[in-house]
Amino acid sequence: MHEGAILIFDSGVGGLSVVGEIRACLGDAALVYVCDNAALPYGTKPDEWLIERIVAVCCCAVERSRASVLVVACNTASTLALEALRSRLTIPVVGTVPAIKPAAQMSASKVIGLLATSATVRRPYTDRLIEEYASECRVIRVAADGLVAEAERYLAGRTLSTDKLRHAVQPLFDIEALDTVVLGCTHFPLLREPLAALAPRELVWIDSGAAIARRVASVISCPAKTRGVGMSMATAPGQDGLAHALAHFGFAAPEPLMLEDLSVMPESLH
Ligand code: DGL
């Protein structure tokens, strides 16, 4: 039924920031959304466990949706598991990595901030991106796992905590020469306006959404067209806030993605 659709995957609602960009680029393409909210947040979990989990959830969701392309709309997953996913799936896999390259090109001061999960800021993948594209820049990496929960709350229709937002970005605001911030977690563009409103001066906030949408358009020649509300799936489907967020982006309430075949999450990771 959803054959030929674009499947968008994230740990939670972060991938919805990419949905808007894909719709802006591909109009009425059929989209399916899947989130592994039973394991949210990914950014604080061990790499080995995450690779297995991400591959299991994505393979299961691709099979169920019969999608023709998988968009890993999660920096934490992409900087770790793209290779594993590509070796297991036969459809194209489009990843999301921090927009270091455009940020380095756009920054006048050559002092840029990377706001991401604690996993993404320390990954070798991120080291390589910085070495390759921003060697002439000073890059300040700030782990902001707390913003993931804030974005989840915000999309669920709850009030944001200005204190939590400020606490997360203050280390970047404190560096006077810094002029550009890379939003290196797909949850963070959902908070762009409230974050920018707290900034003591004008900053450029960059994410990867539009580049991912262009990449998706280049790998699928003829995407299936949407037939109304998109299907969604979740590993913990019964959360009101999630259904609210998905409805706002044109998706039906999430169907359960069965966990039987997925690796069991150790208690300590809950
Ligand atoms: N949205 C995910 C990302 O882009 C991370 C959120 C999480 O920690 O689960 O990195």
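See the structure printed just above.
What counts and how
Residues numbered from 1 in each chain as written. Predicted model: local features only at pLDDT ≥ 70, side-chain atom pairs only at ≥ 80, totals over all residues. Heavy atoms only, no water. Salt bridge = Lys/Arg side-chain N within 4 Å of Asp/Glu carboxyl O. Helix = DSSP H or I, 4+ residues; strand = E, 2+ residues; numbered from the N terminus. Buried < 20%, exposed > 50% of the residue type's maximum accessible area, 1.4 Å probe, protein only. Expected span 1.5 Å × (residues − 1). Contact = heavy atoms within 4.5 Å. Pairing = 2+ DSSP bridges. Axes fitted to C-alpha atoms, helices over the stretch in contact; angles between N-to-C directions. Lys, Arg positive; Asp, Glu negative; His and termini not counted. Polar contact = N/O pair within 3.5 Å; in protein donor to acceptor, adjacent residues only side chain to side chain.

(A) Here's a closer look at the pattern of salt bridges. On inspection of all chains with the given rule, the structure shows seven salt bridges. Residue Asp36 is joined to Arg53 by a salt bridge in which the shortest nitrogen-to-oxygen separation is 2.6 Å. Taken together, the residues span a long stretch of sequence, with Asp36 in the loop between strand E2 (31-35) and helix H2 (47-65) and Arg53 in helix H2 at a distance of 17 residues. An identical accessibility class is assigned to Asp36 and Arg53; each is buried. With a shortest N-O distance of 3.6 Å, Arg153 and Glu150 are connected by a salt bridge. Taken together, the residues span about one helical turn, with Arg153 and Glu150 both in helix H7 (residues 146-155) at a distance of three residues. Here the salt bridges share partners, and the residues they tie into one network are Asp47, Arg122 and Arg123.

(B) Seen up close, H2. Taking 1.5 Å as the rise per residue, H2 with 19 residues should run 27 Å; its terminal C-alpha atoms sit 26 Å apart, in good agreement. By the burial criterion, the buried members of H2 are Trp49, Leu50, Arg53, Ile54, Val55, Val57, Cys58, Cys59, Ala61, Val62 and Ser65. On the buried face of H2, the contacting elements are strand E1 (6-10), E2, strand E3 (69-72), helix H3 (75-88) and strand E9 (232-234). At the C-terminal side of H2, Arg66 shows a positive phi close to 55 degrees.

(C) Expanded view of the sheet that holds strand E10 (residues 255-256). Read across the open sheet, the six strands follow the order E4-E3-E1-E2-E9-E10; overall the sheet is parallel. Taken across any chain shown, the strands that pair with only one partner, and hence form the sheet edges, are strand E4 (93-94) and E10. Strand direction decides the pairing type here: E1 and E3, joined by four bridges, are parallel. Looking across to E3, one finds that Ile6 is bridged to Val69. Docked against the sheet, helix H1 (residues 16-26) engages E1, E2 and E3, running at close to 170 degrees with respect to E2. Sitting on the sheet, H3 is in contact with E1, E3 and E4, with an inclination near 155 degrees to E3.

(D) The side chain of Asp179, seen in detail. Inspection of the secondary structure assignment puts Asp179 in the loop between helix H8 (162-173) and strand E7 (180-183). Lys110 provides the closest opposite charge to the buried, unpaired Asp179, separated from it by 7.8 Å. Separated by 2.7 Å, the side chains of Asp179 and Ser107 make a polar contact. In contact with Asp179, other than residues within four places in its own chain, are Ser107, Ala108, Ser109, Val111, Leu203 and Val204.

(E) Layout of the sheet that holds E7. If you walk across this open sheet you meet the four strands as E6-E5-E7-E8, and the pairing is parallel. The strands lining the two open edges of the sheet, one partner per strand, are strand E6 (138-143) and strand E8 (204-206). For this sheet, the mean inter-axis angle between neighbouring strands, taken without regard to orientation, is 20 degrees. Bridging between strand E5 (residues 111-116) and E7 involves four bridges; their strand directions are parallel. Directly across from Leu115, in E7, lies its bridge partner Leu183.

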